Amino acid sequence: MAMKAMSMKGLKPATAVRARAASRTPLRVRANAEQYGVFRLSYDVSKEDPALTRNWKPTIKVAVTGASGNIANHLLFMVASGEVYGKDQPIALQLLGSERSYNALEGVAMELEDSLYPLLRSVQIGIKPEECFEAADWALMIGAKPRGPGMERADLLAQNGEIFSVQGRALNEAAHENCKVIVVGNPCNTNALIAMENAPRLRRKNFHALTRLDENRAKCQMAVKAGKFYTSVTRTAIWGNHSTTQVPDFLNSKIGGKPAMNVIKDIKWFKEEFTPTVATRGGALIKKWGKSSAASTAVSTADAIRALITPTPPGDCFSSGVCTDGNPYGITEGINFSMPLRSDGDGDYEVCDDFIIDDWLREKIAASEDELVKERGCVSHLIGVDGGTCDIRGVADTTVPGEA
Ligand code: LMR
């Protein structure tokens with residue numbers, strides 16, 4: 001099935017556009033919003049409504065994988081509404097699903113149509129990664145295989161690794177060279193590593209694994225414990241893997257501008273309650289919902305994007321899993337590891353180099369580092385490394401938080 005364009009609300013009957021899109025040959029329809037978005041086919045919105053569009057920026061292309069799933073179903077509407085990239089930022093959505101989920105993907109596109117978002121300039125759906133990523137400025141990689149009954153963590157890594165190596169090659173072939181990639185599908189750090197290693201044309205720095213969800217969870221726990229509004233909690237880093245080995249950093253966190261440990265004077269709570277609560281929150285939610293968190297994952301993905309396109313306030317940071325090449329903390333290079341970052345708001349970032357690491361933190365960080373090095377060993381065949389070994393079989397499963 002080829003990439004298919006869905007008309008947006010309005011000026012032409014959607015069915016006519018769908019019929020035209022469906023009748024195009026060859027089947028490999030390029031993901032080109034100029035050609036297929038009904039707004040662009042039928043009229044120039046800036047002529048029709050100059051007041052609305054006067055301050056609009058050029059349209060950006062946002063590719064989303066796993067687009068018919070629960071997380072995307074929250075995130076897409078936030079993106080289309082303008083609350084993520086800004087109220088002056090038109091968006092072309094390029095959605096990737098599967099043969100199996102194609103009806104649902106059409107349903108998502110229809111709901112986007114019906115939502116009448118002015119900034120949403122086109123929606124394209126399809127099942128070919130290289131079409132989804134065509135000229136993409138952002139790739140939000142949500143789709144991943146969930147772990148099935150009896151499946152070992154190594155098997156999950158292997159199966160998702162295949163998906164992310166294929167998608168990484170498609171990014172390499174099709175995406176904009178400065179495309180920012182945010183991997184949400186688990187195990188997100190190693191999936192991001194695989195995608196990055198398979199997309200050498202793209203900047204290694206631009207591959208992120210979503211740990212902003214963990215940061216938000218950590219801030220929530222500290223705010224509740226301190227009896228303060230959550231915005232007063234700043235400089236909260238997540239170190240390591242999006243797994244139960246992750247390290248929510250209370251040592252460097254601040255509450256109302258003061259060290260969090262001077263506000264919550266309870267080191268036992270930080271070590272024995274706060275840390276495991278944050279690290280196993282995903283698993284706790286799975287037990288409640290019977291499925292993974294979706295809404296808060298979407299919200300934190302939006303936060304992760306905004307963190308890159310908004311200047312980080314002085315002294316603050318945000319967390320994201322990024323490539324460790326050249327990191328200032330001596331963490332093994334060539335893995336994807338969550339660290340504290342700062343951005344000027346231009347989509348790029350630097351790793352904060354002034355975080356204090358005490359013995360407790362160092363030991364915890366080393367355990368998560370060790371886990372990610374082992375995960376890399378399990379996918380070595382997918383990232384062009386010869387002779388890697390996978391020695392995580394039989395080891396306690398931490399990759400999907402708390403699910404075991
Ligand atoms: C979460 O942290 O909520 C998810 O990553 C959990 C999961 O296993 O999907």
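What you are looking at is a predicted structure, and each value in this text was computed from that prediction instead of being measured.

### Here's the deal with the side chain of Q89
Consideration 1: Within the fold, Q89 resides in the loop between α6 (70–81) and β3 (91–96).
Consideration 2: The class for Q89 is buried, based on a relative accessible area of 7%.
Consideration 3: Polar contacts involving the side chain of Q89 include one to the main-chain carbonyl oxygen of P58, which spans 2.8 Å.

### Remarks on the nonpolar core
Consideration 1: Counting 57 residues, the largest nonpolar core has V64, Y85, L93, L95, L112 and W239 as its most contacted members.
Consideration 2: When residues in this core are grouped by element, the largest group, 8 residues, is from α6.
Consideration 3: Residues lining this core come from more than one domain, with at least three contributed by each of domain 1 (53–209) and domain 2 (211–382).
Consideration 4: If you look at the next biggest cluster of nonpolar residues, it comprises 33 residues, including A136, A192, A209 and I383.

### Structural notes on unusual backbone geometry
Consideration 1: Along the chain, N186 connects to P187 via a cis peptide bond; the corresponding omega equals -10°.
Consideration 2: Topologically, P187 is positioned in the loop between β6 (180–183) and α10 (188–197).
Consideration 3: A positive phi angle, close to 55°, is found at L116, a residue other than glycine.
Consideration 4: Structurally, the position occupied by L116 is in the loop between α7 (102–114) and β4 (120–126).

### Description of the sheet that holds strand β12 (residues 258–259)
Consideration 1: Spatial ordering of the open sheet is given by β8-β11-β12, a layout of 3 strands whose pairing is antiparallel. The open sheet has two edge strands, β8 (233–234) and β12, and neither has a second partner.

### Here we look at the side chain of S232
Consideration 1: Mapped onto the fold, S232 is located in the loop between α11 (212–226) and β8.
Consideration 2: Within the structure, the side chain of S232 is placed 2.7 Å from the backbone oxygen of F229, a separation counted as a polar contact.
Consideration 3: In this view, S232 contacts K254, I255, G256 and G257; residues no more than four positions away in its chain are not counted.

The rules we used
Residues numbered from 1 in each chain as written. Predicted model: local features only at pLDDT ≥ 70, side-chain atom pairs only at ≥ 80, totals over all residues. Heavy atoms only, no water. Helix = DSSP H or I, 4+ residues; strand = E, 2+ residues; numbered from the N terminus. Buried < 20%, exposed > 50% of the residue type's maximum accessible area, 1.4 Å probe, protein only. Polar contact = N/O pair within 3.5 Å; in protein donor to acceptor, adjacent residues only side chain to side chain. Core = buried A, V, L, I, M, F, W, Y, C linked by side-chain atoms within 4.5 Å. Domains from an automatic or database assignment. Pairing = 2+ DSSP bridges. Contact = heavy atoms within 4.5 Å.

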